[in-house]
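# Observations on chain architecture
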2 protein chains.
Amino acid sequence: MSHTSGVRQAQKRQTRQALLDAGLRLLEQQNLSSLGLRELTREVGVSPAAFYRHFPDLAALGVALVEEALGSLHGVVRAVMAQTSDSGDLIDRAVAIIAEYVERHRPHIRFVARERYGGVREVRAAIAAQLHRFADEVASGLAAQPLSAGWTPEELRVLAELYVDHMVSTAAAFLDVPADDPEARDHLVHAARMRLRIISLGRAHWLDETV
Amino acid sequence: MSHTSGVRQAQKRQTRQALLDAGLRLLEQQNLSSLGLRELTREVGVSPAAFYRHFPDLAALGVALVEEALGSLHGVVRAVMAQTSDSGDLIDRAVAIIAEYVERHRPHIRFVARERYGGVREVRAAIAAQLHRFADEVASGLAAQPLSAGWTPEELRVLAELYVDHMVSTAAAFLDVPADDPEARDHLVHAARMRLRIISLGRAHWLDETV
DNA sequence: AAATTCGGCGAACGGTTGTTTACTGAATGA
DNA sequence: TCATTCAGTAAACAACCGTTCGCCGAATTT
């Protein structure tokens, strides 16, 4: 039995990560489908052929980047949904978390926004799968709240998708705000909160008419 | 004074349109930034150099496609907003119009969805400008409704953006539904209506808390 | 100590790309 | 009728592309 990580494996992981990092850097300014394999390996300082030791395709690298970008977010979503505070506070916190996440992972989020409807099928599918999981998590979080009494699972699902949609478009909007323009940022935070409040208000009164 | 359209001009417009049509066809399966100039002219059956008689760039062709895709929609939006019927009916009608528009202009809408956050700055800007105009139109439509009494212009603007966002993401969702799957389509129509109702409900109760 | 595994390299392959050039020939205008 | 305009052409440019090949040398296993 060998070490779980010998020198060999560690070095391989290192250049694999270098490929991912360089890819993300280059993808800040262009599409995945216009990223060249040679362009990428040149940036890393490695021969073109070396790429194939790690990925069969640039599409595969894209899928790996999707996991990197959104994988760690599921825990965050579940944590937010599990919180028990009044809804106003929860909304403010959710918006703040989105804003912070975008700021700290700007290239990753930009990549996801670009490729969500981009030209590479595998990557589109990977992103769609992640968003689907987010909706699942939000839906089950909502189901645990007292406000959801009387809602069918299908209705909760639609509501969850609405929240996720809002999360995505808010994140995309934050991308367009320059890092050094706190005023525009605050404006966006304010708007995002208001939109969330409108949705939550609609949710609270959903059963009024049918009763 | 010459004719407004001689044979010369008419033929020029014709090949220009052929370039746009072929571009749209090719862009159903790929990004604008991965579309080749030669690939395009080959599809049209014209020499590569001919392209420059009509556009300086592929980016310029992209901008023209944005106008083609969204330009005619402003009238539709204004017409819908001007309608005076109960809100439930209006919601159903709006969703139906979106669904139909996507079905009849699928390649155009796909193009816009792809390039909204795509790799070509000029095209992104053109799309953002169009969406901005949509928000303006929706906002002024909302302002004319009695329900908007007590709303500040800023609040109306945020609400309008929420509606436009919803319109866009609904349209994008329709893109993923195969043309021969009316069941999935109906499911989507139903979900879109519900989301719109939630938003409209939230709007109706927005002033409850501050009063 | 010897055998094997394997990440990375350099070179070559046929093919593509965007752009410029000088040109042709039909539509246009004097 | 003659001169001009101009959409479209063919050819050439240098540069770049993804992929495959055999090989090297260090890490690993026997």
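Chain A is annotated in an unreviewed UniProt entry as TetR family transcriptional regulator from Actinacidiphila acididurans.

## Observations regarding the protein's contact with DNA strand C
Around DNA strand C, a shell composed of 21 residues is seen, among which R53 and H54 of chain A together with L37, R38 and Y52 of chain B lie nearest. The sugar-phosphate share of atoms of DNA strand C within 4 Å of the protein amounts to 53%. Residue K12 of chain A places a side-chain N or O atom 3.4 Å away from a phosphate oxygen belonging to DNA strand C. In this structure, S47 of chain A approaches DNA strand C through a main-chain N or O atom, which is 2.7 Å from a phosphate oxygen. Looking at the surface near DNA strand C, the elements that each hand over two or more residues are α1 (7-26) of chain A together with α1 (7-26) and α2 (37-44) of chain B.

## Re the UniProt feature "DNA-binding region" (unreviewed entry) in chain A
The UniProt feature table records "DNA-binding region" (unreviewed entry) at residues 36-55 of chain A. In residues 36-55 of chain A, helix accounts for 40% and strand for 0%; the two terminal C-alpha atoms are 14 Å from one another.

## Quick notes on the interface of chain A and chain B
Accessible area lost when the parts come together is the quantity often used to give the size of an interface. Between chain A and chain B, the contact holds 31 residues from the first and 31 residues from the second. Carbon and sulfur atoms make up 69% of the area that chain A and chain B hide from each other, which totals about 2900 Å². If you sort the residues of chain A by the area they bury against chain B, Y117, M194 and I198 of chain A come out on top, with a joint share of 22%. Across the chain A-chain B interface, the total number found is one salt bridge. The shortest N-O distance in the salt bridge between R195 of chain A and E161 of chain B comes to 4.0 Å. On the surface where chain A and chain B come into contact, there are 10 residue pairs in polar contact (both at pLDDT 80 or more). Only α6 (106-115), α8 (153-175) and α9 (182-204) of chain A provide two or more residues apiece to the side of chain A that touches chain B. If one sorts the elements of the side of chain A that touches chain B by residue count, α9 of chain A sits on top with nine residues. A breakdown of the residues in the side of chain A that touches chain B according to their chemical character gives 13 nonpolar, nine polar and nine charged.

## Looking at the relation of the copies chain A and chain B
Of the two same-sequence chains, chain A is brought onto chain B (RMSD 0.1 Å, axial shift 0.0 Å) by a rotation of 180°. Expressed as an axis order, the relation between the two copies is that of a two-fold axis. Proximity to the rotation axis, assessed at the C-alpha, singles out G202 of chain A in chain A; its C-alpha lies 1.8 Å from the axis. Most of the interface of chain A is mirrored in chain B, where 100% of its interface residues are also at the interface.

## Some details on the protein's contact with DNA strand D
By nearness alone, 21 residues border DNA strand D, and L37, R38 and Y52 of chain A together with R53 and H54 of chain B come closest of all. In DNA strand D, atoms within 4 Å of the protein come 52% from sugar and phosphate. Here a phosphate oxygen of DNA strand D and a side-chain polar atom of Y52 of chain A are 2.5 Å apart. At the level of elements, α1 and α2 (37-44) of chain A together with α1 of chain B are the ones that each hand at least two residues to the surface near DNA strand D.

## Quick word on the domain arrangement of chain A
All names here are of chain A. Each assigned domain of chain A is listed with its residue range as follows: domain 1 (7-54) and domain 2 (68-204). For domain 1 and domain 2, the distance between their C-alpha centres works out to 30 Å. Of the residues lining the interface, 10 residues belong to domain 1; the matching set on domain 2 comes to nine residues. Here domain 1 packs against domain 2, burying approximately 840 Å² in sum over the two surfaces, 61% of which is carbon and sulfur. When the buried surface of domain 1 facing domain 2 is broken down by residue, L24, E28 and L32 rank first, second and third, together holding 59% of it. Inspection of the region where domain 1 meets domain 2 yields zero salt bridges. Looking at the side of domain 1 that touches domain 2 residue by residue, the classes come out as four nonpolar, five polar and one charged.

## Regarding the packing of aromatic side chains
Residues and elements named next belong to chain A. Counted according to the given criterion, the structure contains six aromatic pairs over all chains. With a centroid separation of 5.8 Å and 85° between ring planes, the pair formed by F51 and Y52 is classed as edge-to-face. A residue is classified by how much of its surface remains accessible, and F51, at 0% relative accessible area, is buried. Pairing W151 with W206 gives two aromatic rings, centres 6.0 Å apart and planes at 35°, and the pair type is tilted. Placement of the pair is W151 in the loop between α7 (121-143) and α8 and W206 in the segment after α9, with a sequence separation of 55 residues. Exposure remark for W151: the relative accessible area of 9% places this residue in the buried category. Judged by its relative accessible area of 8%, W206 falls in the buried class. A network of ring pairs unites the aromatic residues F51, Y52 and F55 as a single cluster.

## Remarks on the environment of Q130 of chain B
With respect to the helices, strands and loops of the structure, Q130 of chain B is situated in helix α7 (residues 121-143). Between the C-alpha atoms of Q130 of chain B and S169 of chain B, which are 39 residues apart in sequence, the distance is 15 Å.

## Side note on the packing of helix α3 (residues 58-70) of chain B against helix α6 (residues 106-115) of chain B
Residue and element names in this part refer to chain B. Where α3 meets α6, the axes come as close as 9 Å, and the angle between the chain directions of the two elements is 125°. As summarised for this structure, α3 and α6 are arranged oblique, according to the angle between their axes. The handedness of the crossing between α3 and α6 comes out as left-handed. Between α3 and α6, the residues in contact are G62, L65, V66, E68, A69 and L70 and H108, F111 and V112, respectively. Across the contact of α3 with α6, the residue classes tally to six nonpolar, two polar and one charged.

## Considerations on the packing of helix α4 (residues 73-82) of chain A against α7 of chain A
Residue and element names in this part refer to chain A. Running from N to C, α4 and α7 cross one another at 20°; their axes reach a closest spacing of 9 Å. One way to sum up the angle between α4 and α7 is to call them roughly parallel. The handedness of the crossing between α4 and α7 comes out as right-handed. Touching L73, H74, V77, R78 and M81 of α4 are Q130, R133, F134, E137, V138, G141 and L142, all from α7. Classifying every residue of the contact of α4 with α7 gives six nonpolar, three polar and three charged.

Here is what the cut-offs are and how they apply
- By convention here, each chain's residues receive numbers from 1 onward along its written sequence.
- Here every chain gets a letter starting at A, and every ligand a number starting at 1, in the order they are written.
- Per-residue local features are limited, in this predicted model, to residues with pLDDT of at least 70; the limit for side-chain atom pairs, both in listing and counting, is 80 or more; totals at the level of whole chains, interfaces and linings are taken over all residues.
- As a rule here, side-chain values come from all non-hydrogen atoms in the structure, and water together with hydrogens is ignored.
- Only heavy atoms are used to decide nearness, and a residue is near a molecule or strand if one of them lies within 4 Å of it.
- Polar contacts, as used here, are pairs of N or O atoms within 3.5 Å; protein pairs need one atom able to donate a hydrogen and one able to accept it. Residues neighboring in sequence count only if both atoms are side-chain atoms.
- Helical segments are the DSSP runs of H or I of at least four residues, strand segments are the runs of E of at least two, and each set is numbered from the N terminus.
- UniProt positions are given in the numbering used here, feature names are shortened, and annotations may be inferred rather than shown by experiment.
- Contact definition: two residues touch when any of their heavy atoms are within 4.5 Å.
- Accessible area, probed at 1.4 Å, shrinks when two parts are joined; the buried area is that loss added up over both.
- The salt bridge definition used is simple: a Lys or Arg side-chain nitrogen within 4 Å of an Asp or Glu carboxyl oxygen.
- Each residue is assigned to one class: nonpolar for Ala, Val, Leu, Ile, Met, Phe, Trp, Tyr, Cys and Pro, charged for Asp, Glu, Lys and Arg, and polar for all the others, Gly among them.
- Copies overlap after least-squares fitting; the atoms used are the C-alpha atoms of residues with pLDDT of at least 70 in both.
- The start and end points of each domain follow an automatic or database-based domain assignment.
- What counts as a ring pair is set by centres within 6.5 Å for rings of Phe, Tyr and Trp (its six-membered ring), and what kind of pair is set by the plane angle: stacked under 30 degrees, edge-to-face over 60, tilted for all other angles.
- Burial here depends on accessible area, computed with a 1.4 Å probe over protein chains only, as a share of the maximum for the residue type. Under 20% is buried, over 50% is exposed, and the range in between is partly exposed.
- Geometry is summarised by axes, namely lines fitted to C-alpha atoms with helices restricted to the contacting stretch, and by angles between N-to-C directions that run from 0 to 180 degrees.
- An angle below 35 degrees is treated as roughly parallel, one above 145 as roughly antiparallel, one from 65 to 115 as roughly perpendicular, and anything else as oblique.
- Less than a right angle of anticlockwise turn of the near helix away from the far helix marks a crossing as left-handed, whereas a clockwise turn marks it as right-handed.

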